[in-house]
Amino acid sequence: MPISRIAIGSPAEVGQPDTLKAALAEFISMLSFVFAGEGSGMSFMGANISGGHVNPAVIFGAFIGGHITFIRTILYWIAQLLGSVVACLLLKFSTGGLVRIN
């Protein structure tokens, strides 16, 4: 994307109702995603088995910190990435291929 197409906006945009409504929607979406999605993965599925890291960046930090081995790091990354792909395919199937376009 050419740099000339990047839109900065103006400070007045912060107070516009549609901007605030969109920001609130993003807040609620992220809150729901992290609380329900990550929380259930950590609490119910993996916390007692693998530690419930649920994030490749967290796994990397655990490896760098010496909490898990290199082999486990690689296996966890593969499992997490495959889980993400399968989740995307399930969402595509369950929504009939619905595409969200802004």
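An unreviewed UniProt entry annotates the protein chain as Tonoplast intrinsic protein 1 3 originating from Tripterygium wilfordii. Under the UniProt heading Sequence similarities (unreviewed entry), the entry covering the protein chain gives this text: "Belongs to the MIP/aquaporin (TC 1.A.8) family." Here is the UniProt Subcellular location (unreviewed entry) comment for the protein chain, exactly as written: "Membrane".

What follows concerns the side chain of Thr73. Locating Thr73 in the fold gives a position in helix 3 (residues 70–94). Apart from residues no more than four positions distant in its own chain, Thr73 is found in contact with Ile59, Phe63 and Ile68.

Glancing now at the UniProt feature "transmembrane region" (unreviewed entry) in the protein chain. Mapped onto the present numbering, the UniProt feature "transmembrane region" (unreviewed entry) falls on residues 49–68 and 74–93. End C-alpha atoms of residues 74–93 are separated by 29 Å, and the span's content is 100% helix alongside 0% strand.

What follows is about the confidence of the model for the protein chain. Of all residues in the protein chain, 79% attain a pLDDT of 70 or more, and the chain-wide mean is 80. At the low end of the mean pLDDT range in the protein chain sits helix 1 (residues 17–46), at 77; at the high end sits helix 2 (residues 56–64), at 88.

This brings us to the packing of aromatic side chains. Two aromatic rings, taken as a pair, are described by how far apart their centres are and by the angle between their planes. One pass over the full model with this rule turns up 2 aromatic pairs. Ring plane angle 20° and centroid distance 6.3 Å describe the contact between Phe60 and Trp77, whose orientation is recorded as stacked. Taken together, the residues span a long stretch of sequence, with Phe60 in helix 2 and Trp77 in helix 3 at a distance of 17 residues. Of the residues examined, Phe60 reaches a relative accessible area of 43% and is grouped as partly exposed. Judged by centre distance (5.8 Å) and plane angle (55°), the ring pair of Phe63 and Phe70 falls under tilted. With relative accessibility at 27%, the residue Phe63 sits in the partly exposed group.

Rules of the game
Residues numbered from 1 in each chain as written. Predicted model: local features only at pLDDT ≥ 70, side-chain atom pairs only at ≥ 80, totals over all residues. Heavy atoms only, no water. UniProt positions renumbered as here; feature names shortened; annotations may be inferred. Helix = DSSP H or I, 4+ residues; strand = E, 2+ residues; numbered from the N terminus. Contact = heavy atoms within 4.5 Å. pLDDT = per-residue confidence, 0-100. Phe/Tyr/Trp six-rings, centres within 6.5 Å; stacked < 30°, edge-to-face > 60°. Buried < 20%, exposed > 50% of the residue type's maximum accessible area, 1.4 Å probe, protein only.

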